[in-house]
Amino acid sequence: MTIIAISLGVLLFGGGFWLYNPDLPRTALERRWAPPPSQFVEVAGVRLHIRDTGLRDGPAVLLIHGFGSSLHSWEAWAPLLEDRFRVVSLDLPGFGLTGADPTGDYSDERSIAVLAALMDQLGIGQTAVVGSSMGGRIAWRFAAAKPARVSKLVLMAPDGFASLGREYGRAPERLPWLMRLLPYTAPKPLLARTMQGAYAVPGVLTDAVVDRYHAMLLAPGVRRAILDRMLQTRLVPPEPILATIRVPVLLLWGERDGAVPASHATDYERALPDVRTVILPGIGHVPMEEAPEASARALREFLEGETDS
């Protein structure tokens, strides 16, 4: 989970701060946050917000965001990749402008099915898959479940191993009552405060970035979907699954990641058959936002087969 997920309880009622925040109108949100090249496509019964840019006949790269985020987190990467790759990003069901999944299913299995269906609809047989944090967990589970669809795998501070309060095979039976207030309140000042732990590079977490994350949180149905996802998420022991992944894997981590420390890379290094690790100095949990040039360069070198150069 990202630092946003970890801190949701603080966000809701920190310091006795209370504000009622209703959902924002979808039309206004889409007008502001989904200009071209954004588009909306019906996939597996859900209306997905996606972007599909770059070389139509180039190698495909599928970008999967983290918990509480959206496809906008990849915006700085897109122009650094589009000259060589077909770049596809999406708002996962339950997040951003995709909004709630009509099925109400937010399991990893459902995410895998949606991603495969999106590739089918876009005519993409195989792709490199990049996942950040929660999106990293979905990425490695997708690579294991659909090995023929994945050419290479990039995991950025991926989620998936058990930790304090997160056991394998068990989802929370119910959420703390403060957490259950999320559909009614999401004060922007507290959101900004909780997000600070995800960003290590000074000046990157601007008011504009907070505005974007806050707007996506207030998109219709998103906050209830977030709670549903948290209640439905069941971690599985990663090692047996990771051991089946035969494609090359890049672990891309920020040295100063305050949400998922870079030391956690060793868990994946032990489990993956073909893995290399790049630690970005001075960077936090969101390298694509904090250091787009450096992180995109590491990605390109890996995808283009120059990781040993």
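Above this text you will find the structure in question.
Only a predicted model underlies this, so the values are computations on that prediction, with no experimental measurement involved.

Student: In this structure, what is going on with the overall build of the chain? I would like to understand it.
Tutor: When you go through the chain residue by residue, the secondary structure sums to 13 helices and eight strands. The C-alpha radius of gyration of the chain comes to 18 Å, within 12% of the 19 Å expected for a compact globule of 309 residues. Buried residues in the chain amount to 57% of all 309 residues. Contacts in the chain between residues far apart in sequence, at least 24 positions, make up 78% of those at least 6 positions apart. Summing over all exposed atoms, the chain offers an accessible surface of approximately 12,500 Å²; the carbon and sulfur share of this is 55%. Of the side chains in the chain, 31 bear a positive and 33 a negative charge, and the two mean positions are spaced by 5 Å.

Student: What is the right way to look at the sheet that holds strand S8 (residues 275-280) in this model?
Tutor: Whenever strands of a sheet pair, they do so through backbone hydrogen bonds, lying parallel or antiparallel. What the eight strands build is an open sheet, ordered S1-S2-S4-S3-S5-S6-S7-S8; its pairing is mixed. Unpaired on one side and paired on the other, strand S1 (38-43) and S8 mark the two borders of the sheet. Strand-to-strand twist in this sheet, taken as the mean axis angle between neighbours without regard to direction, amounts to 25 degrees.

Student: Would you explain the pattern of salt bridges in this entry?
Tutor: Oppositely charged side chains can pair when the atoms bearing their charge come close. In this structure the tally under the stated criterion is 21 salt bridges. Close ionic contact of Glu30 with Arg26 constitutes a salt bridge, the shortest N to O distance being 3.2 Å. Taken as a pair, Glu30 and Arg26 lie in helix H3 (residues 26-33) at a separation of four residues, close to a single helical turn. For Glu30, a relative accessible area of 16% corresponds to the buried category. You can call Arg26 partly exposed: its relative accessible area is 26%. Its salt-bridge partner being Arg86, residue Asp52 comes within 2.7 Å of it at the nearest N-O pair. Of this pair, Asp52 sits in strand S2 (residues 46-54) while Arg86 sits in strand S4 (residues 86-90), and the two are 34 residues apart along the sequence. The class of Arg86 is buried, set by a relative accessible area of 7%.

Student: Hey, could you run me through the packing of aromatic side chains in this one?
Tutor: Within a pair of aromatic rings, the relevant descriptors are the distance that separates the centres and the angle that separates the planes. Taken as a whole and assessed by the stated rule, the structure comprises four aromatic pairs. Measuring from centroid to centroid gives 5.2 Å for Trp74 and Trp77, while their planes differ by 40 degrees, and the two rings are tilted. Take Trp74: its relative accessible area is 2%, and that puts it in the buried class. Relative to Tyr268, the ring of Phe161 has its centre 5.0 Å away and its plane inclined at 85 degrees; by these criteria the two rings are edge-to-face. Placement of Phe161 in the loop between strand S6 (150-156) and helix H7 (188-195) and of Tyr268 in helix H11 (residues 265-271) is noted, with a sequence separation of 107 residues between them. Among the residues examined, Tyr268 registers a relative accessible area of 1% and is labelled buried. Taken together, the ring pairs in this structure connect Phe161, Trp253 and Tyr268 into an aromatic cluster. A cation sits over an aromatic face here: Arg32 above Trp33, 3.9 Å from the ring centre. Positioned over the ring face of Phe85 is Arg84, at 5.3 Å from the centre of the ring.

The rules behind each value
Every chain's residues receive numbers from 1 upward, in the order its sequence appears when written. Since the coordinates come from a predicted model, pLDDT governs what is reported: local features require at least 70, and pairs of side-chain atoms require 80 or more to be given and counted, while whole-chain, interface and lining totals use all residues. As a convention, hydrogens and water are excluded, and side-chain values are obtained from all of the structure's heavy atoms. Helix and strand assignments come from DSSP, with helices taken as H or I runs of at least 4 residues and strands as E runs of at least 2, each series counted from the N terminus. For the radius of gyration, the atom set is restricted to C-alpha positions; the globular benchmark scales as 2.2 Å times the number of residues to the power 0.38. Partly exposed describes any residue whose relative accessible area lies between the buried limit of under 20% and the exposed limit of over 50%, with all areas from a 1.4 Å probe on protein chains only and scaled to the type maximum. Should any heavy atoms of two residues lie within 4.5 Å, those residues are counted as being in contact. Computed by Shrake-Rupley with a 1.4 Å probe, the accessible areas treat only the displayed protein chains as cover when residues are assessed. When charges are tallied, Lys and Arg are placed among the positive residues and Asp and Glu among the negative ones, while His and the ends of the chain are skipped. Think of each charge as sitting on NZ of Lys, CZ of Arg, CG of Asp or CD of Glu. Should DSSP find at least two bridges between two strands, the strands are regarded as paired. Helix axes are fitted only over the stretch in contact, all axes being lines through C-alpha atoms; the angle between N-to-C directions runs from 0 to 180 degrees. We count a salt bridge whenever a side-chain nitrogen from Lys or Arg sits within 4 Å of a carboxyl oxygen from Asp or Glu. Note on aromatic contacts: the rings of Phe and Tyr and the six-membered ring of Trp form a pair at centre separations within 6.5 Å, being stacked when their planes are under 30 degrees apart, edge-to-face when over 60 apart, and tilted otherwise. Throughout this description, the term charge over a ring refers to an Arg CZ or Lys NZ atom that lies within 6 Å of the ring centre and within 35 degrees of the ring normal.

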